[in-house]
Amino acid sequence: MSGVETFSAPLSAEAISSAWLATLISDLSSPSFTLKHSFTNDSYWRDLLAFTPDFRTLHALPKIQQIFSVPVAVARPSRFRLLPGVRHRRISPTNTFIQGIIQFHTVIAQCTGVFTLTQCEDSSWKAWSFVTMMDQLFGVVDRFSAHTHLCRPVEWNTIMDYTAVVVGAGQCGLSVAARLENLGISTLVLERSGAVGNSWRSRYESLETNTPRAYNHLPFVTFPEGCGKYIPCRDVADYLENYQKTLGLHVLTLACISAASYDVSSSTWTLSISVSGQASITVTARHLIGATGVGTMGGALPFTPSIPGKSSFLGSIIHSSEYRSSSCNSAQKVVVIGAGCSAHDIAQDMANSGSRTVLVQRSPTAVVSRQTINRLLTGYIGPDVLPTEIADRFYVALPLSALQNSQHDTMKIHAHIDQDLREDLSRHGYLLPGPEDNFLHRLSVRRGGFYIDRGCVKLITSGKITVKSGHEISHFSPSGLVFDDGSRVEADLVIFATGYSKTTIKQVAESLFGSLVADTVHDLGGWDSDCEPAGVWRPTGQNGLWFAEGDLFAARFYSQFLALQIMAREMGLLSPDQRTYIPC
């Protein structure tokens, strides 16, 4: 066995999909709006703006029919077409599904839908999952093309008017700005640092992406081939800076908002912007987007647990956010507290420089190899690479709520790849989660508690890095750390790779825009009851206020939907309560 999963795709896969599509069209056009012929009773339907002006994921057929009956009637979907590339997907060791993509029109937009079909007991094929998404609003022409990338040049004045202002020129802020400008929406980006990409330049030097290059492109501009398969942080920084220049995005550096107010009658923000070394600027805009960080939303502070005896320690103590490289530290005895990606990367860097390194693991960590990650990213890499737009749609083919029910089975399929890795780590005292816990859950839901190996595992299993696990730190001593079992670890440098304080949307709004704006925002964050991101990439409770956050994939994929939501409002396509579309 080669270990590579292969399937003998039935010759009737396309025929099955075509037959299902015909059944779906019949169900959607039924006066009683019944989906019982095309959806399973336990099905999921996720909609990204195609039928509702928000993100919705509904589970179970009765609820789907109840909630979607009116939006479907308003949207009047038509011109359905099955796209080439129907495929089989193995989600569990025993079940194989048929997946494909359809295109269709509503009265306001061109849309796509990704279906996941399962065979029922009566041998019929029905949708277990259906993800619909808006692609393009009718009447809106993309401005960026292979021949035209540059935005119009800007003349900087002390009073300016834009349709949208984005705060933060990282991957999310730049992607949102690019998507908006592509739709003809004038956008200003504010960046508090001195240069685009500085958020990546300020990280530790050995940092690189854990996912391959093809997964990480931003809209309209790909990463250069010379970046390599996994992209070093400085190359990401340079790419972001070049991205802004290539598209001609309007970015004002060394700038931050000193005051923000919203006029309900005119639906307009008035922003006072402080610019280092220049006169302040007043900008009016109808939309304000906070895009200031990955996961931490930019308002979080480095978290360092309180451990008694710090003042008695004769060595140095830093947080991982302060770490740059082993060349900046001459420490011979290093303790890294934490067991996430940053902790492992820093421990690896210090051990490779000759330091005696101890990794203090306070709780189990899910560890996978890059080989496993690559298996989870089929479509972006390997022999069957797809266009990015198609790969993205297959990647989100299952809503998060459905993924949570299948993640364990998915990881079981790939468990053999990292079996030796896990066994070797366990023999060296490394704590791994139990069988009911898994990497995918920690990645997509918990957003922490995992490590994607890029060399640290070998250093642990070869003894070059010592793992200290199973005991809590009691206190500092002058020469290091003392644990609750009385054991000691000597150190002249202790690095806390313990993450950041948790923040909500309301807290971020206050840190960026002040308390008056924050008071209007729902106290959101994490996931809502539909397992959709709460308050991010979608309405926040305050008209004209949006937030964007996430990794490079999220920046590319979800920026399109934020831009379309703003465009729909600019075109007057929403009802007064903004819960439904108004047909053109």
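Predicted, not measured: the structure shown is a model, and the values here were computed from it.

Undergrad: Is there a simple way to think about the confidence of the model for the chain in this case?
TA: Low pLDDT means the predicted coordinates in that region are not meant to be read closely. Looking at the chain, pLDDT values average 89 and 94% of them are 70 or higher. Within the model, pLDDT remains below 50 along residues 1-10, and this stretch shows 11 contacts once partners closer than five positions in the same chain are excluded. Low pLDDT (under 50) marks residues 294-298, which in the prediction has 16 contacts with non-local residues, meaning those over four places away or in another chain.

Undergrad: Sorry, what's going on with the environment of R286 here?
TA: One can find R286 in the loop between strand 14 (281-285) and strand 15 (287-290). You can call R286 partly exposed: its relative accessible area is 36%. Expressed as a C-alpha distance, the spacing of R286 and I390, which sit 104 residues apart in the sequence, is 32 Å. Excluding residues that lie within four positions of it along the chain, R286 makes contacts with Y162, T163, S267, T268, W269, G544 and E570.

Undergrad: I tried to follow the packing of helix 8 (residues 388-395) against helix 15 (residues 552-570) on my own but got confused; where do I start?
TA: The angle between the axes and the distance between the axes are what describe a pair of packed helices. Contact geometry for helix 8 and helix 15: axes closest at 12 Å, N-to-C directions at 90°. As the angle between them shows, helix 8 and helix 15 are arranged roughly perpendicular. Facing T388, D392, R393 and Y395 of helix 8, the residues of helix 15 in contact are F553, R556, F557 and Q560. Tallied by class, the residues present in the contact of helix 8 with helix 15 amount to 3 nonpolar, 2 polar and 3 charged.

Undergrad: What am I meant to see in the pattern of salt bridges here?
TA: Side chains that carry opposite charge are capable of pairing whenever their charged atoms lie near each other. Counted according to the given criterion, the structure contains 15 salt bridges. Residue D54 is joined to R538 by a salt bridge in which the shortest nitrogen-to-oxygen separation is 2.8 Å. With D54 in the loop between strand 1 (39-48) and strand 2 (55-59) and R538 in the loop between helix 14 (515-518) and strand 26 (545-547), this residue pair connects regions lying 484 residues apart in the sequence. Close ionic contact of E241 with R201 constitutes a salt bridge, the shortest N to O distance being 2.8 Å.

Undergrad: Even after reading the chapter, I still don't get the sheet that holds strand 23 (residues 480-483), so can you show me in this structure?
TA: Two orientations exist for strands paired in a sheet by backbone hydrogen bonds: parallel and antiparallel. Across the sheet, 3 strands lie side by side as 22-23-24; this open sheet has antiparallel pairing. Taken across any chain shown, the strands that pair with only one partner, and hence form the sheet edges, are strand 22 (473-477) and strand 24 (488-490). Within the sheet, the average angular offset between the axes of one strand and its neighbour, ignoring direction, is 20°. Summarising the sheet, strand 23 and strand 24 pair through 3 bridges and their orientation is antiparallel. Bridge pairing in strand 24 links G480 to E490.

Undergrad: I'm lost on the nonpolar core in this one. Help?
TA: The nonpolar side chains of soluble globular proteins are, as a tendency, buried together. Counting residues in hydrophobic clusters, the biggest one holds 166 residues, and the most contacted among them are W45, L137, I273, I289 and F513. Of all the elements, helix 15 adds the most residues to this core, at 13 residues. When sequence neighbours within four positions are dropped, the list of residues in contact with I273 reads L188, L190, L252, A255, C256, I257, S258, S280, I281 and V283. Listed in part, the 14 residues of the second largest apolar core include F313, V335, F483 and V489.

Undergrad: Even after reading the chapter, I still don't get helix 13 (residues 505-513), so can you show me in this structure?
TA: Residues lying three or four places apart along an α-helix face the same way, a consequence of the helix completing one turn every 3.6 residues. If you check which residues of helix 13 are buried, you get I505, V508, A509, L512 and F513. Mapping the buried residues of helix 13 onto a view down its axis gives an arc of 100°, with all of them on the same face. Residues of helix 13 that are buried make contact with strand 9 (164-167), strand 12 (255-263), strand 15, helix 14 and strand 26. After helix 13 finishes, the residue G514 shows a positive phi value of roughly 100°.

Undergrad: I would appreciate a short explanation of the sheet that holds strand 8 (residues 159-161) in the present structure.
TA: Taken together, the 4 strands give an open sheet; going across it, the order is 8-14-13-12, and neighbouring strands pair in mixed fashion. The sheet terminates laterally at strand 8 and strand 12, the two strands that pair on one side only. Each adjacent strand pair in this sheet contributes to an overall mean axis angle of 20°, direction not counted. In this structure, strand 12 lies alongside strand 13 (residues 268-275), joined through 8 bridges in antiparallel fashion. Opposite A260, over in strand 13, you have L271 as the bridge partner.

Undergrad: Mind showing me how you'd approach the packing of aromatic side chains here?
TA: The geometry of an aromatic ring pair is captured by the separation of the ring centres together with the interplanar angle, meaning the angle of the planes. Inspection of the entire model under this criterion finds 30 aromatic pairs. With 5.6 Å between their ring centres and 25° between their planes, F39 and W45 make a pair best called stacked. Judged by its relative accessible area of 1%, F39 is buried. A relative accessible area of 0% means that W45 is categorised as buried. Ring plane angle 5° and centroid distance 5.3 Å describe the contact between Y215 and F553, whose orientation is recorded as stacked. Residue Y215 is located in the loop between helix 4 (198-201) and helix 5 (233-247), and its partner F553 is located in helix 15; the two are separated by 338 residues in the primary sequence. There is no split in this pair, since Y215 and F553 are both buried. Ring pairs connect the aromatic residues W20, F39, W45, F51, F68, F80, F104, F115 and F130, which therefore count as one cluster. The ring of F220 is capped by R179, whose NZ or CZ atom sits 5.6 Å from the centre of that ring.

Conventions used here
- Residues numbered from 1 in each chain as written.
- Predicted model: local features only at pLDDT ≥ 70, side-chain atom pairs only at ≥ 80, totals over all residues.
- Heavy atoms only, no water.
- pLDDT = per-residue confidence, 0-100.
- Contact = heavy atoms within 4.5 Å.
- Helix = DSSP H or I, 4+ residues; strand = E, 2+ residues; numbered from the N terminus.
- Buried < 20%, exposed > 50% of the residue type's maximum accessible area, 1.4 Å probe, protein only.
- Axes fitted to C-alpha atoms, helices over the stretch in contact; angles between N-to-C directions.
- Parallel < 35°, antiparallel > 145°, perpendicular 65-115°, else oblique.
- Nonpolar A, V, L, I, M, F, W, Y, C, P; charged D, E, K, R; others polar.
- Salt bridge = Lys/Arg side-chain N within 4 Å of Asp/Glu carboxyl O.
- Pairing = 2+ DSSP bridges.
- Core = buried A, V, L, I, M, F, W, Y, C linked by side-chain atoms within 4.5 Å.
- Arc of directions from axis to C-beta.
- Phe/Tyr/Trp six-rings, centres within 6.5 Å; stacked < 30°, edge-to-face > 60°.
- Lys NZ or Arg CZ within 6 Å of the ring centre and 35° of its normal.

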